[in-house]
Amino acid sequence: MTTKQHREIMYGINGPKGGGLSKTGSVLDVASIAILAGLKVGLIDADRSTGALSTALENSDALCEKLTEENDIAAKIMSKYADCDIILQDNGALGISEPKIMGPTAEIIESVGLDNVRLFLNQIPHKSGMIDDLKQIYLIYQWLPNKYIFQVNIDGGGAFDPLKEPLLHAPIIEIPHLTASQINVYSSRKVLPSDLLLDPPPNQQLVCKQLAGRLLQIALSNEFAKRIGAEAAIPVLRRMSEGAPVLVMPKAYVSNDDALSEYISLQKHYRNAMYAETDQLRIQHLKQSQIHEGKYNELKTLL
């Protein structure tokens, strides 16, 4: 078992069950905000099926450890991350309710203390059974005092199903839509958004400003940056996003069959790009995702 650390460390874990909820993307967002606040971040990849977080950060200097089935893995991770300010754990589709993940997770929670734990539950629009999945994980971890709903606007529509008890007691953090062009600029390089913002690539300054504006909106949403001790990121992101368009949560929309088909194709090509074996295939899939995103935006009907 791990022992309580003398140093205060915040530990963030995500859920609920199910894939396609942008849980890994949200971890990248939170990590970037914390890093831009000057905090030291340690990442845990607990997705044993795809290793999505490790794959996404192959070329980043970010600290990232896999939550393996090795004995005393929780103690080993805590020893390595003892000087971190924030530890963020990315769980797979079933990870947060899987005993092999719950065991080490509970040990890390014991080590950092309940008050320093944050449970981030992702909600996306138009997902069947979403509210029931959220409620299940919320109740499993009801003993954690700090729980948040991340409303991730992955399709640009923002038509979220209404929350029900006990989810109504969790603060809502708005996560704006991430366009294919914004995804492309960092996912193709396999780095954190903050890596790009700190060292923008040539001819990518505008996209980086847009990324900074998006992170700023997350940081300001329901005082999220303050809630995780990263409010120092706000002036940094204001400076980095100066001159970028202001991103807002758009109105909900009614999607027709053609629009839905384009959206499914967009997601398929983006997922294929994330796990492509060669750079050539990755670029091809990202280009296709941009084409489908453009068609999707033309077809969706605003209310």
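Rules used throughout
- Residues numbered from 1 in each chain as written.
- Predicted model: local features only at pLDDT ≥ 70, side-chain atom pairs only at ≥ 80, totals over all residues.
- Heavy atoms only, no water.
- Helix = DSSP H or I, 4+ residues; strand = E, 2+ residues; numbered from the N terminus.
- Rg over C-alpha atoms; globule rule 2.2 N^0.38 Å.
- Buried < 20%, exposed > 50% of the residue type's maximum accessible area, 1.4 Å probe, protein only.
- Contact = heavy atoms within 4.5 Å.
- Lys, Arg positive; Asp, Glu negative; His and termini not counted.
- Charge placed at Lys NZ, Arg CZ, Asp CG, Glu CD.
- Salt bridge = Lys/Arg side-chain N within 4 Å of Asp/Glu carboxyl O.
- Polar contact = N/O pair within 3.5 Å; in protein donor to acceptor, adjacent residues only side chain to side chain.
- Expected span 1.5 Å × (residues − 1).
- Pairing = 2+ DSSP bridges.
- Axes fitted to C-alpha atoms, helices over the stretch in contact; angles between N-to-C directions.
- Core = buried A, V, L, I, M, F, W, Y, C linked by side-chain atoms within 4.5 Å.
- Parallel < 35°, antiparallel > 145°, perpendicular 65-115°, else oblique.
- Left-handed = near helix turned anticlockwise from the far one by under 90°.

Draft legend 1. Main features of the overall build of the chain. When you go through the chain residue by residue, the secondary structure sums to 12 helices and nine strands. Relative to the compact-globule value of 19 Å for 303 residues, the chain shows a C-alpha radius of gyration of 19 Å, a close match. A burial count over the chain gives 53% of its 303 residues as buried. The long-range fraction of contacts in the chain, counting pairs at least 24 apart against all pairs at least 6 apart in sequence, stands at 75%. Across the chain, the mean location of the 30 positive side-chain charges is 2 Å away from that of the 35 negative side-chain charges.

Draft legend 2. Fine view of the pattern of salt bridges. Tallied over the full model, the rule gives eight salt bridges. When the shortest N-O distance is used, the salt bridge between Glu 58 and Lys 190 registers 3.5 Å. Linking Glu 58 in the loop between helix 2 (52–56) and strand 3 (63–66) with Lys 190 in the loop between helix 6 (180–187) and helix 7 (193–198), this pair joins segments that are 132 residues apart in sequence. Classification of Glu 58 as exposed rests on a relative accessible area of 52%. With relative accessibility at 8%, the residue Lys 190 sits in the buried group. Residues Lys 100 and Glu 69 are paired through a salt bridge, measuring 3.6 Å at the closest nitrogen-oxygen approach. Placement of Lys 100 in helix 4 (residues 99–112) and of Glu 69 in the loop between strand 3 and helix 3 (73–80) is noted, with a sequence separation of 31 residues between them. Residue Lys 100 is classed as partly exposed on the basis of its relative accessible area of 47%. For Glu 69, a relative accessible area of 55% translates into the label exposed. Where salt bridges share partners, they join Arg 48, Glu 69 and Lys 100 into one cluster.

Draft legend 3. Quick look at the side chain of Lys 23. Examined against the element boundaries, Lys 23 turns out to sit in helix 1 (residues 23–36). Buried charge Lys 23 goes without a salt bridge, the closest partner of opposite sign being Asp 90 at 6.3 Å. Of the polar contacts made by the side chain of Lys 23, one reaches the backbone oxygen of Pro 16; its length is 3.4 Å. In terms of polar contacts, Lys 23 uses its side chain to reach the backbone carbonyl oxygen of Gly 18, at 2.7 Å.

Draft legend 4. Summary view of helix 1. Helix length check: helix 1, at 14 residues, gives a terminal C-alpha distance of 20 Å against a target of 20 Å (1.5 Å per residue), a fit within 8%. Taken across its 14 residues, helix 1 has 13 buried, putting it largely inside the fold. Of the residues one or two after helix 1, Gly 38 is the one with positive phi, at around 90°.

Draft legend 5. Structural detail: the sheet that holds strand 5 (residues 117–123). Across the sheet, seven strands lie side by side as 3-2-4-1-5-6-7; this open sheet has parallel pairing. The open sheet has two free edges, formed respectively by strand 3 and strand 7 (172–175), since each of these has just one partner strand. Mean inter-strand twist for the sheet, computed between neighbouring axes without regard to direction, equals 25°. Alignment of strand 1 (residues 10–15) against strand 5, held across five bridges, turns out to be parallel. Within strand 5, the residue paired with Asn 14 across the bridge is Phe 120. Lying over the sheet, helix 4 contacts strand 1, strand 2 (41–46), strand 4 (86–91) and strand 5, oriented at roughly 150° with respect to strand 1. Contacting strand 5 and strand 6 (147–152), helix 5 (residues 130–140) crosses the sheet at an angle of about 165° to strand 5.

Draft legend 6. Broad picture of the nonpolar core. Judged by nonpolar contacts, the single largest core of 85 residues is most densely connected at Tyr 11, Leu 88, Phe 150, Leu 197 and Leu 237. No other element matches the eight residues that helix 8 (residues 205–220) contributes to this core. Sequence-distant contacts of Tyr 11, defined by excluding residues within four places in its chain, comprise Ile 44, Ile 87, Gln 89, Thr 105, Ile 108, Ile 109, Val 112, Asn 116, Val 117 and Arg 118.

Draft legend 7. Fine view of the packing of helix 8 against helix 10 (residues 233–240). Interhelical geometry of helix 8 versus helix 10 gives an angle of 150° and a closest axis separation of 8 Å. In terms of their interaxial angle, helix 8 and helix 10 are classed as roughly antiparallel. Classified by chirality, the crossing of helix 10 by helix 8 is left-handed. Together, Lys 209, Ala 212, Leu 215, Leu 216, Ala 219 and Leu 220 of helix 8 and Ile 234, Leu 237, Arg 238 and Met 240 of helix 10 make up the contact between the two elements.

Draft legend 8. Summary view of the environment of Tyr 263. Looking at the element boundaries, Tyr 263 is found in helix 11 (residues 257–274). You can call Tyr 263 buried: its relative accessible area is 14%. Once the C-alpha coordinates of Tyr 263 and Thr 179 are considered, the two residues, 84 residues apart in sequence, prove to be 12 Å apart.

Draft legend 9. How the structure looks around unusual backbone geometry. Cis geometry is adopted by the peptide bond preceding Pro 16, which originates at Gly 15 and carries an omega value of 0°. The omega torsion across Glu 165 and Pro 166 is 0°, close enough to zero to call that bond cis. Inspection of the secondary structure puts Pro 166 in the loop between strand 6 and strand 7. Even without being glycine, Asp 72 reaches a positive phi, approximately 60°. With respect to the helices and strands, Asp 72 occurs in the loop between strand 3 and helix 3. Unusually for a residue other than glycine, Lys 190 sits at a positive phi of about 60°.

Everything listed here is a matter of geometry and, on its own, says nothing about what the molecule does.
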